[in-house]
Amino acid sequence: MPAKAGNSIGSLYIGLMSGTSMDGIDAVLVELGSNTTKLRGHTFLAWDDQTRATLKQLALPGDNEIEILGVADIEVAKQFAQAVSQLLEQTGVDRKQIKAIGSHGQTIRHRPSARHPFTLQIGDPNQLAELTGITVTADFRRRDMAAGGQGAPLAPAFHAAILQDPSEDRVILNLGGIANITVLPANLQAGVIGFDTGPANTLMDAWITRCKQHTFDQDGAWAASGVIQPELLSSLFSESYFKQAAPKSTGPELFNLTWLEKQCPTIANYNPADIQATLCALSVQSITQAIKRHAPDCSRVICCGGGTRNGFFMRQLQQELGQITVEDTTNYGIAPEQIEATAFAWLASRTLERLHGNLPSVTGATHPVILGGIYQA
Ligand SMILES: Nc1ncnc2c1ncn2[C@@H]1O[C@H](COP(=O)(O)OP(=O)(O)O)[C@@H](O)[C@H]1O
Ligand SMILES: [Mg+2]
(Lines give C-alpha, C1' and ligand atoms only; values in the text may rest on other atoms or scores of the structure.)
(Ligands and ions follow the chains in the order given, each with its own letter.)
Protein backbone atom coordinates (compact mmCIF):
# COMPACT_ATOMS: atom_id res chain seq x y z
CA MET A 1 0.00 0.00 0.00
CA PRO A 2 1.74 3.20 -1.07
CA ALA A 3 0.23 5.28 1.73
CA LYS A 4 1.21 3.00 4.56
CA ALA A 5 3.83 0.68 3.09
CA GLY A 6 7.27 0.56 4.63
CA ASN A 7 10.41 -1.38 3.87
CA SER A 8 10.38 -3.60 6.94
CA ILE A 9 10.27 -7.33 6.19
CA GLY A 10 6.90 -8.68 7.24
CA SER A 11 5.44 -12.17 7.52
CA LEU A 12 4.06 -13.97 4.49
CA TYR A 13 0.40 -14.96 4.53
CA ILE A 14 -1.92 -16.42 1.92
CA GLY A 15 -5.53 -15.25 1.69
CA LEU A 16 -8.21 -17.38 -0.01
CA MET A 17 -11.56 -15.97 -1.01
CA SER A 18 -14.45 -17.40 -2.99
CA GLY A 19 -17.54 -15.29 -2.69
CA THR A 20 -21.24 -15.57 -3.38
CA SER A 21 -20.74 -15.10 -7.13
CA MET A 22 -19.28 -18.62 -7.11
CA ASP A 23 -16.96 -17.66 -9.96
CA GLY A 24 -13.90 -19.24 -8.38
CA ILE A 25 -11.07 -18.83 -5.89
CA ASP A 26 -8.96 -15.69 -5.54
CA ALA A 27 -5.67 -16.47 -3.80
CA VAL A 28 -3.19 -13.79 -2.74
CA LEU A 29 0.29 -13.86 -1.27
CA VAL A 30 0.71 -10.94 1.10
CA GLU A 31 3.58 -9.62 3.16
CA LEU A 32 2.21 -8.17 6.38
CA GLY A 33 4.37 -5.93 8.53
CA SER A 34 3.32 -4.29 11.77
CA ASN A 35 1.64 -1.51 9.83
CA THR A 36 2.13 -2.51 6.22
CA THR A 37 0.41 -4.64 3.59
CA LYS A 38 2.33 -5.57 0.48
CA LEU A 39 0.87 -7.75 -2.32
CA ARG A 40 3.39 -10.30 -3.58
CA GLY A 41 1.17 -12.32 -5.91
CA HIS A 42 -2.35 -13.25 -7.01
CA THR A 43 -3.90 -16.17 -8.78
CA PHE A 44 -7.44 -17.15 -9.70
CA LEU A 45 -8.80 -20.66 -10.04
CA ALA A 46 -12.27 -20.86 -11.60
CA TRP A 47 -14.70 -23.46 -10.27
CA ASP A 48 -15.34 -26.17 -12.83
CA ASP A 49 -18.98 -26.38 -13.98
CA GLN A 50 -19.71 -29.45 -11.85
CA THR A 51 -18.41 -27.90 -8.61
CA ARG A 52 -20.19 -24.62 -9.31
CA ALA A 53 -23.45 -26.48 -9.90
CA THR A 54 -23.05 -28.40 -6.62
CA LEU A 55 -22.29 -25.20 -4.68
CA LYS A 56 -25.30 -23.45 -6.17
CA GLN A 57 -27.43 -26.46 -5.30
CA LEU A 58 -26.20 -26.31 -1.69
CA ALA A 59 -26.98 -22.60 -1.45
CA LEU A 60 -30.71 -23.39 -1.33
CA PRO A 61 -32.60 -26.04 0.67
CA GLY A 62 -32.86 -29.39 -1.15
CA ASP A 63 -32.70 -33.18 -0.81
CA ASN A 64 -29.85 -35.22 0.63
CA GLU A 65 -28.00 -32.12 1.81
CA ILE A 66 -25.67 -33.72 4.37
CA GLU A 67 -24.17 -36.18 1.89
CA ILE A 68 -23.71 -33.53 -0.81
CA LEU A 69 -22.27 -31.09 1.75
CA GLY A 70 -19.79 -33.62 3.13
CA VAL A 71 -18.40 -34.39 -0.31
CA ALA A 72 -18.33 -30.73 -1.40
CA ASP A 73 -16.51 -29.74 1.82
CA ILE A 74 -13.59 -31.97 0.81
CA GLU A 75 -13.73 -31.17 -2.91
CA VAL A 76 -13.61 -27.43 -2.19
CA ALA A 77 -10.66 -27.90 0.22
CA LYS A 78 -8.78 -29.79 -2.51
CA GLN A 79 -9.33 -26.95 -4.95
CA PHE A 80 -8.25 -24.41 -2.31
CA ALA A 81 -5.04 -26.44 -1.94
CA GLN A 82 -4.61 -26.38 -5.71
CA ALA A 83 -5.00 -22.59 -5.74
CA VAL A 84 -2.32 -22.37 -3.03
CA SER A 85 0.07 -24.58 -5.06
CA GLN A 86 -0.57 -22.48 -8.17
CA LEU A 87 0.15 -19.29 -6.23
CA LEU A 88 3.38 -20.64 -4.71
CA GLU A 89 4.53 -21.86 -8.10
CA GLN A 90 3.83 -18.51 -9.74
CA THR A 91 5.61 -16.52 -7.04
CA GLY A 92 8.50 -18.96 -6.51
CA VAL A 93 7.95 -18.88 -2.75
CA ASP A 94 8.50 -22.01 -0.64
CA ARG A 95 5.52 -23.12 1.47
CA LYS A 96 7.76 -23.22 4.55
CA GLN A 97 8.01 -19.44 4.34
CA ILE A 98 4.25 -18.98 4.73
CA LYS A 99 3.10 -18.25 8.27
CA ALA A 100 -0.54 -19.12 7.64
CA ILE A 101 -3.38 -19.31 5.16
CA GLY A 102 -6.48 -17.28 5.95
CA SER A 103 -9.28 -19.26 4.29
CA HIS A 104 -12.69 -17.67 4.09
CA GLY A 105 -14.33 -20.83 2.75
CA GLN A 106 -17.23 -21.00 0.33
CA THR A 107 -20.44 -19.74 1.90
CA ILE A 108 -23.27 -22.09 1.14
CA ARG A 109 -25.83 -20.69 3.59
CA HIS A 110 -26.00 -17.41 5.54
CA ARG A 111 -29.03 -16.96 7.77
CA PRO A 112 -28.36 -14.11 10.21
CA SER A 113 -32.08 -13.58 10.83
CA ALA A 114 -33.06 -17.19 11.55
CA ARG A 115 -34.44 -18.16 14.98
CA HIS A 116 -30.99 -19.61 15.61
CA PRO A 117 -28.84 -17.46 13.34
CA PHE A 118 -26.18 -19.41 11.48
CA THR A 119 -23.68 -19.12 8.65
CA LEU A 120 -21.83 -21.93 6.92
CA GLN A 121 -18.57 -21.79 4.97
CA ILE A 122 -17.12 -25.00 3.53
CA GLY A 123 -13.68 -26.15 2.34
CA ASP A 124 -12.45 -28.33 5.22
CA PRO A 125 -9.49 -26.55 6.88
CA ASN A 126 -8.17 -29.90 8.21
CA GLN A 127 -7.77 -31.12 4.62
CA LEU A 128 -6.26 -27.82 3.55
CA ALA A 129 -3.65 -27.94 6.33
CA GLU A 130 -2.78 -31.57 5.46
CA LEU A 131 -2.59 -30.96 1.72
CA THR A 132 -0.54 -27.76 1.93
CA GLY A 133 1.56 -28.37 5.04
CA ILE A 134 0.72 -24.80 6.04
CA THR A 135 -1.13 -23.60 9.16
CA VAL A 136 -4.71 -22.65 8.25
CA THR A 137 -7.01 -20.16 9.93
CA ALA A 138 -10.64 -20.57 8.90
CA ASP A 139 -14.27 -20.30 10.03
CA PHE A 140 -14.03 -16.56 10.75
CA ARG A 141 -17.68 -15.70 10.70
CA ARG A 142 -19.22 -17.98 13.29
CA ARG A 143 -17.47 -16.52 16.32
CA ASP A 144 -18.82 -13.07 15.51
CA MET A 145 -22.28 -14.59 15.17
CA ALA A 146 -21.87 -16.37 18.49
CA ALA A 147 -21.14 -12.94 19.97
CA GLY A 148 -24.47 -11.69 18.66
CA GLY A 149 -23.21 -10.27 15.35
CA GLN A 150 -24.23 -10.80 11.76
CA GLY A 151 -20.94 -12.61 11.06
CA ALA A 152 -20.65 -10.17 8.15
CA PRO A 153 -19.25 -8.08 6.69
CA LEU A 154 -15.76 -8.78 8.07
CA ALA A 155 -13.60 -6.92 5.55
CA PRO A 156 -14.40 -3.46 7.05
CA ALA A 157 -11.77 -3.84 9.82
CA PHE A 158 -9.17 -4.40 7.09
CA HIS A 159 -10.54 -1.53 4.99
CA ALA A 160 -10.19 0.73 8.02
CA ALA A 161 -6.63 -0.48 8.69
CA ILE A 162 -5.38 0.31 5.20
CA LEU A 163 -7.67 2.93 3.67
CA GLN A 164 -8.97 5.24 6.40
CA ASP A 165 -7.74 8.81 5.88
CA PRO A 166 -8.04 11.70 8.37
CA SER A 167 -8.45 14.22 5.54
CA GLU A 168 -11.78 12.98 4.14
CA ASP A 169 -14.84 10.80 4.70
CA ARG A 170 -14.53 7.75 2.43
CA VAL A 171 -16.61 4.76 1.49
CA ILE A 172 -15.16 1.42 0.43
CA LEU A 173 -17.59 -0.41 -1.84
CA ASN A 174 -17.19 -4.12 -2.54
CA LEU A 175 -19.00 -5.29 -5.66
CA GLY A 176 -19.17 -9.07 -5.36
CA GLY A 177 -22.33 -11.14 -5.67
CA ILE A 178 -23.59 -8.91 -2.87
CA ALA A 179 -22.56 -5.27 -2.38
CA ASN A 180 -21.21 -4.09 0.94
CA ILE A 181 -20.08 -0.65 2.04
CA THR A 182 -17.62 0.42 4.71
CA VAL A 183 -17.98 4.03 5.85
CA LEU A 184 -14.60 5.39 6.96
CA PRO A 185 -15.02 8.80 8.61
CA ALA A 186 -12.18 11.34 8.57
CA ASN A 187 -12.62 11.53 12.34
CA LEU A 188 -10.67 8.45 13.44
CA GLN A 189 -12.49 8.45 16.78
CA ALA A 190 -15.90 8.10 15.16
CA GLY A 191 -17.06 4.51 14.68
CA VAL A 192 -16.72 2.71 11.36
CA ILE A 193 -20.00 1.42 9.99
CA GLY A 194 -20.55 -1.09 7.23
CA PHE A 195 -23.21 -3.45 5.96
CA ASP A 196 -24.50 -5.35 2.93
CA THR A 197 -26.58 -2.95 0.85
CA GLY A 198 -28.17 -5.75 -1.22
CA PRO A 199 -27.32 -7.23 -4.62
CA ALA A 200 -24.31 -6.19 -6.71
CA ASN A 201 -23.88 -8.88 -9.38
CA THR A 202 -25.86 -11.84 -8.07
CA LEU A 203 -29.21 -11.05 -9.75
CA MET A 204 -27.64 -9.91 -13.02
CA ASP A 205 -25.48 -13.07 -13.08
CA ALA A 206 -28.50 -15.28 -12.38
CA TRP A 207 -30.65 -13.59 -15.02
CA ILE A 208 -28.09 -13.77 -17.82
CA THR A 209 -27.35 -17.39 -16.87
CA ARG A 210 -31.02 -18.26 -17.22
CA CYS A 211 -31.59 -16.33 -20.47
CA LYS A 212 -28.27 -16.68 -22.30
CA GLN A 213 -26.23 -19.34 -20.43
CA HIS A 214 -23.42 -16.85 -19.75
CA THR A 215 -22.10 -16.75 -16.18
CA PHE A 216 -21.98 -12.93 -16.19
CA ASP A 217 -22.81 -9.90 -18.33
CA GLN A 218 -19.46 -8.95 -19.91
CA ASP A 219 -18.87 -5.24 -19.28
CA GLY A 220 -22.61 -4.85 -18.65
CA ALA A 221 -23.22 -4.88 -22.42
CA TRP A 222 -26.57 -6.67 -22.18
CA ALA A 223 -27.79 -4.37 -19.38
CA ALA A 224 -26.69 -1.38 -21.49
CA SER A 225 -28.80 -2.63 -24.40
CA GLY A 226 -32.00 -2.60 -22.31
CA VAL A 227 -34.24 0.13 -20.94
CA ILE A 228 -34.89 0.54 -17.21
CA GLN A 229 -38.52 -0.25 -16.39
CA PRO A 230 -39.61 2.15 -13.61
CA GLU A 231 -42.62 0.14 -12.36
CA LEU A 232 -40.54 -3.05 -12.24
CA LEU A 233 -37.79 -1.18 -10.40
CA SER A 234 -40.24 0.11 -7.82
CA SER A 235 -41.67 -3.38 -7.18
CA LEU A 236 -38.11 -4.66 -6.63
CA PHE A 237 -37.45 -1.79 -4.23
CA SER A 238 -40.49 -2.78 -2.13
CA GLU A 239 -38.25 -5.51 -0.62
CA SER A 240 -38.04 -4.77 3.11
CA TYR A 241 -34.28 -5.56 3.28
CA PHE A 242 -33.54 -2.19 1.66
CA LYS A 243 -35.36 -0.34 4.46
CA GLN A 244 -34.00 -2.49 7.30
CA ALA A 245 -31.62 -0.68 9.65
CA ALA A 246 -27.98 -1.81 9.90
CA PRO A 247 -26.35 -4.00 11.11
CA LYS A 248 -27.59 -6.26 8.35
CA SER A 249 -26.20 -8.80 5.92
CA THR A 250 -27.68 -10.85 3.13
CA GLY A 251 -26.93 -13.29 0.33
CA PRO A 252 -28.29 -15.19 -2.66
CA GLU A 253 -30.57 -17.04 -0.20
CA LEU A 254 -32.72 -13.89 -0.48
CA PHE A 255 -31.69 -12.21 -3.73
CA ASN A 256 -32.28 -14.91 -6.36
CA LEU A 257 -34.61 -15.57 -9.30
CA THR A 258 -37.35 -16.93 -7.03
CA TRP A 259 -37.24 -13.58 -5.23
CA LEU A 260 -37.42 -11.76 -8.59
CA GLU A 261 -40.53 -13.72 -9.60
CA LYS A 262 -42.11 -13.12 -6.22
CA GLN A 263 -41.48 -9.37 -6.33
CA CYS A 264 -42.85 -9.20 -9.86
CA PRO A 265 -45.32 -11.97 -10.85
CA THR A 266 -45.63 -10.42 -14.35
CA ILE A 267 -41.89 -10.67 -15.03
CA ALA A 268 -42.48 -12.83 -18.14
CA ASN A 269 -44.13 -9.84 -19.84
CA TYR A 270 -40.93 -7.83 -19.91
CA ASN A 271 -38.16 -7.87 -22.49
CA PRO A 272 -35.23 -9.85 -20.94
CA ALA A 273 -32.67 -7.11 -21.73
CA ASP A 274 -34.92 -4.53 -20.02
CA ILE A 275 -35.01 -6.78 -16.95
CA GLN A 276 -31.20 -6.88 -16.94
CA ALA A 277 -31.06 -3.07 -17.23
CA THR A 278 -33.51 -2.79 -14.33
CA LEU A 279 -31.56 -5.28 -12.16
CA CYS A 280 -28.44 -3.21 -12.82
CA ALA A 281 -30.32 -0.05 -11.77
CA LEU A 282 -31.54 -1.81 -8.62
CA SER A 283 -27.98 -2.61 -7.59
CA VAL A 284 -26.65 0.85 -8.45
CA GLN A 285 -29.48 2.76 -6.77
CA SER A 286 -29.64 0.63 -3.60
CA ILE A 287 -25.88 1.21 -3.19
CA THR A 288 -26.00 4.95 -3.85
CA GLN A 289 -29.00 5.44 -1.54
CA ALA A 290 -27.11 3.67 1.24
CA ILE A 291 -24.01 5.83 0.64
CA LYS A 292 -25.97 9.09 0.60
CA ARG A 293 -27.83 8.14 3.76
CA HIS A 294 -24.92 6.77 5.81
CA ALA A 295 -22.03 8.85 4.47
CA PRO A 296 -23.59 12.20 3.52
CA ASP A 297 -20.23 14.01 3.57
CA CYS A 298 -18.36 11.33 1.64
CA SER A 299 -15.99 12.72 -0.99
CA ARG A 300 -14.61 9.46 -2.37
CA VAL A 301 -15.93 5.95 -3.07
CA ILE A 302 -13.17 3.38 -3.52
CA CYS A 303 -14.45 0.23 -5.22
CA CYS A 304 -13.28 -3.37 -5.22
CA GLY A 305 -14.58 -6.76 -6.36
CA GLY A 306 -15.37 -8.16 -9.82
CA GLY A 307 -18.14 -5.60 -10.41
CA THR A 308 -15.43 -2.95 -10.97
CA ARG A 309 -14.77 -4.76 -14.31
CA ASN A 310 -18.29 -3.90 -15.45
CA GLY A 311 -17.76 -0.54 -17.18
CA PHE A 312 -21.47 0.10 -17.69
CA PHE A 313 -22.19 -0.50 -13.99
CA MET A 314 -19.34 1.79 -12.92
CA ARG A 315 -20.55 4.60 -15.19
CA GLN A 316 -24.08 4.32 -13.78
CA LEU A 317 -22.62 4.45 -10.28
CA GLN A 318 -20.61 7.59 -11.06
CA GLN A 319 -23.67 9.23 -12.59
CA GLU A 320 -25.78 8.58 -9.46
CA LEU A 321 -22.99 9.80 -7.15
CA GLY A 322 -22.49 13.09 -9.02
CA GLN A 323 -19.54 15.04 -7.59
CA ILE A 324 -18.22 12.18 -5.45
CA THR A 325 -15.00 10.66 -6.83
CA VAL A 326 -15.52 7.01 -7.83
CA GLU A 327 -12.38 4.95 -8.35
CA ASP A 328 -11.09 1.46 -7.69
CA THR A 329 -8.41 0.22 -5.31
CA THR A 330 -5.70 0.02 -8.00
CA ASN A 331 -4.66 3.56 -7.04
CA TYR A 332 -3.97 2.26 -3.51
CA GLY A 333 -1.71 -0.64 -4.52
CA ILE A 334 -4.13 -3.59 -4.55
CA ALA A 335 -6.12 -4.70 -7.62
CA PRO A 336 -9.89 -4.71 -6.98
CA GLU A 337 -10.28 -8.51 -7.17
CA GLN A 338 -7.51 -8.99 -4.59
CA ILE A 339 -8.91 -6.92 -1.72
CA GLU A 340 -11.25 -9.49 -0.14
CA ALA A 341 -8.65 -12.30 -0.24
CA THR A 342 -6.10 -9.90 1.25
CA ALA A 343 -8.58 -9.08 4.01
CA PHE A 344 -8.68 -12.76 5.00
CA ALA A 345 -4.86 -13.01 4.99
CA TRP A 346 -4.90 -9.98 7.33
CA LEU A 347 -7.65 -11.50 9.50
CA ALA A 348 -5.56 -14.69 9.81
CA SER A 349 -2.66 -12.59 11.10
CA ARG A 350 -4.98 -10.95 13.64
CA THR A 351 -6.10 -14.37 14.84
CA LEU A 352 -2.55 -15.69 15.23
CA GLU A 353 -1.63 -12.52 17.12
CA ARG A 354 -4.68 -12.99 19.35
CA LEU A 355 -6.21 -9.71 18.24
CA HIS A 356 -9.89 -9.17 17.53
CA GLY A 357 -10.96 -9.21 13.86
CA ASN A 358 -14.56 -8.01 13.98
CA LEU A 359 -15.86 -4.48 14.35
CA PRO A 360 -18.93 -4.62 16.63
CA SER A 361 -20.09 -1.26 15.17
CA VAL A 362 -20.36 -3.08 11.82
CA THR A 363 -21.55 -6.59 12.65
CA GLY A 364 -23.60 -5.75 15.74
CA ALA A 365 -21.65 -8.18 17.93
CA THR A 366 -21.76 -7.39 21.64
CA HIS A 367 -17.95 -7.21 21.82
CA PRO A 368 -14.76 -7.58 19.78
CA VAL A 369 -13.68 -11.21 19.37
CA ILE A 370 -10.72 -13.16 18.04
CA LEU A 371 -12.12 -14.79 14.91
CA GLY A 372 -11.65 -18.28 13.51
CA GLY A 373 -10.06 -21.58 14.35
CA ILE A 374 -6.39 -22.47 13.87
CA TYR A 375 -5.41 -25.74 12.17
CA GLN A 376 -1.70 -26.21 12.71
CA ALA A 377 0.62 -27.25 9.91
N1 LIG B 1 -15.56 -8.15 -17.22
C2 LIG B 1 -16.62 -8.18 -16.42
N3 LIG B 1 -17.79 -7.60 -16.82
C4 LIG B 1 -18.89 -7.63 -16.04
N5 LIG B 1 -18.93 -8.21 -14.83
C6 LIG B 1 -17.80 -8.79 -14.37
C7 LIG B 1 -16.60 -8.81 -15.13
N8 LIG B 1 -15.65 -9.47 -14.40
C9 LIG B 1 -16.25 -9.84 -13.25
N10 LIG B 1 -17.55 -9.46 -13.22
C11 LIG B 1 -18.55 -9.68 -12.18
O12 LIG B 1 -17.88 -9.90 -10.95
C13 LIG B 1 -18.35 -11.12 -10.34
C14 LIG B 1 -17.25 -11.72 -9.51
O15 LIG B 1 -16.89 -10.78 -8.54
P16 LIG B 1 -16.24 -11.20 -7.16
O17 LIG B 1 -15.69 -9.97 -6.55
O18 LIG B 1 -15.32 -12.35 -7.39
O19 LIG B 1 -17.50 -11.66 -6.36
P20 LIG B 1 -17.62 -12.72 -5.18
O21 LIG B 1 -16.79 -12.18 -4.07
O22 LIG B 1 -19.07 -12.77 -4.89
O23 LIG B 1 -17.06 -14.01 -5.74
C24 LIG B 1 -18.78 -11.98 -11.52
O25 LIG B 1 -19.73 -12.94 -11.12
C26 LIG B 1 -19.36 -10.94 -12.45
O27 LIG B 1 -20.69 -10.67 -12.13
MG1 LIG C 1 -15.29 -14.29 -6.67
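What you are looking at is a predicted structure, and each value in this text was computed from that prediction instead of being measured.

What counts and how
Residues numbered from 1 in each chain as written. Chains lettered and ligands numbered in written order. Predicted model: local features only at pLDDT ≥ 70, side-chain atom pairs only at ≥ 80, totals over all residues. Heavy atoms only, no water. Near = heavy atom within 4 Å. Polar contact = N/O pair within 3.5 Å; in protein donor to acceptor, adjacent residues only side chain to side chain. Areas by Shrake-Rupley, 256 points an atom, 1.4 Å probe, with all protein chains shown as cover. Salt bridge = Lys/Arg side-chain N within 4 Å of Asp/Glu carboxyl O. Helix = DSSP H or I, 4+ residues; strand = E, 2+ residues; numbered from the N terminus. Buried < 20%, exposed > 50% of the residue type's maximum accessible area, 1.4 Å probe, protein only. Pairing = 2+ DSSP bridges. Axes fitted to C-alpha atoms, helices over the stretch in contact; angles between N-to-C directions. Contact = heavy atoms within 4.5 Å.

Draft legend 1. Focus on the site of ligand 1. If you check the shell around ligand 1, you find 18 residues, and the closest are Ser-21, Gly-177, Asp-205, Asp-219 and Gly-306. Here Ser-21 contributes a backbone N or O atom positioned 2.8 Å from an oxygen atom of ligand 1. Contact between ligand 1 and Gln-218: a nitrogen atom at 3.3 Å from a side-chain N or O atom of the residue. Relative to its unbound accessible surface of 580 Å², ligand 1 loses 87% to contact with the protein.

Draft legend 2. Local environment of the pattern of salt bridges. Scanning the model with the defined rule gives 10 salt bridges in all. Arg-170 serves as the salt-bridge partner of Asp-165, at 3.3 Å between the closest nitrogen and oxygen. For Arg-300, the salt bridge goes to Glu-168, with nearest N and O atoms at 2.6 Å. Of this pair, Arg-300 sits in strand β10 (residues 300–304) while Glu-168 sits in the loop between α5 (155–163) and β7 (170–175), and the two are 132 residues apart along the sequence. For Glu-168, a relative accessible area of 12% translates into the label buried.

Draft legend 3. Spatial organisation of the sheet that holds strand β11 (residues 325–328). Reading across the sheet, the 5 strands line up as β9-β8-β7-β10-β11 and stay open at both edges, with mixed pairing between neighbours. Only two strands of the sheet have a single partner each, and these edge strands are β9 (193–199) and β11. Recorded for the sheet is a direction-independent mean angle of 20 degrees between the axes of neighbouring strands. By the bridge criterion, 6 bridges tie β7 to strand β8 (residues 178–184) in an arrangement that is antiparallel. Within β8, the residue paired with Leu-173 across the bridge is Ile-181. Strands β7, β8, β9 and β10 of the sheet are contacted by helix α10 (residues 272–294), whose axis makes an angle of about 160 degrees with β9.

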